[in-house]
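# Structure assessment
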Amino acid sequence: DDPLHFDPPLKWVNKKGIEEFFALYTRECGTTKKSLNRQDIKIVQRKLVRLLQNYEFAKFCWQRLVQPNLRGSNYQTGDWKLDKDASSRYSSGAIDVLASHVHLTT
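A few points on the structure.

It is the contact of helix 1 (residues 17-29) with helix 2 (residues 41-52), at a shortest axis distance of 10 Å, that shows an interaxial angle of 120 degrees. One element, helix 1, and the other, helix 2, form an angle in the oblique class. At the point where helix 1 passes helix 2, the crossing takes the right-handed sense. Contacts between helix 1 and helix 2 involve Phe21, Leu24, Tyr25, Glu28 and Cys29 from the first element and Val44, Lys47, Leu48, Leu51 and Leu52 from the second.

On to helix 1, then. Taking 1.5 Å of rise per residue, 13 residues should cover 18 Å, and helix 1 covers 17 Å from first to last C-alpha, within 8% of that figure. Within helix 1 the residues assigned to the buried category are Gly17, Ile18, Phe21, Phe22, Tyr25 and Cys29. With its buried residues spanning 130 degrees around the axis, helix 1 presents them on a single face. When the buried face of helix 1 is taken as reference, the exposed residues oriented beyond 90 degrees from it are Glu19 and Arg27. One or two positions beyond helix 1, positive phi appears at Gly30, with a value near 70 degrees.

The next subject is the nonpolar core. Counting 21 residues, the largest nonpolar core has Phe21, Tyr25, Leu36, Leu48, Trp62 and Trp80 as its most contacted members. Broken down by secondary-structure element, the contributors of at least two residues to this core are helix 1, helix 2 and helix 3 (55-71). A per-element tally of this core places helix 3 first, with 8 residues.

Thresholds, definitions, all that
Residues numbered from 1 in each chain as written. Predicted model: local features only at pLDDT ≥ 70, side-chain atom pairs only at ≥ 80, totals over all residues. Heavy atoms only, no water. Axes fitted to C-alpha atoms, helices over the stretch in contact; angles between N-to-C directions. Helix = DSSP H or I, 4+ residues; strand = E, 2+ residues; numbered from the N terminus. Parallel < 35°, antiparallel > 145°, perpendicular 65-115°, else oblique. Left-handed = near helix turned anticlockwise from the far one by under 90°. Contact = heavy atoms within 4.5 Å. Expected span 1.5 Å × (residues − 1). Buried < 20%, exposed > 50% of the residue type's maximum accessible area, 1.4 Å probe, protein only. Arc of directions from axis to C-beta. Core = buried A, V, L, I, M, F, W, Y, C linked by side-chain atoms within 4.5 Å.

Quick look at the structure:
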């Protein structure tokens, strides 16, 4: 098995997987299906990686499920923005600000 190969979303849990994904995604990331609710795209993507606990699967879900729904709205969005390195994947905006502040004051 290729660890980076994921089944198409339509095959997930008798096709209910998409509904379950969006229920989790919207609740845990503070979004709706069609909007990021004014959140920075990188912050939402970081939340998605944390939620799914798998960078590659989060990127897959973003590209196959989230992004197509955002394109259908008035919200302008881009591609996957996160690098694969750990600092980008697991830090939040608040932690980044705090870390830069500590760095500047030392």
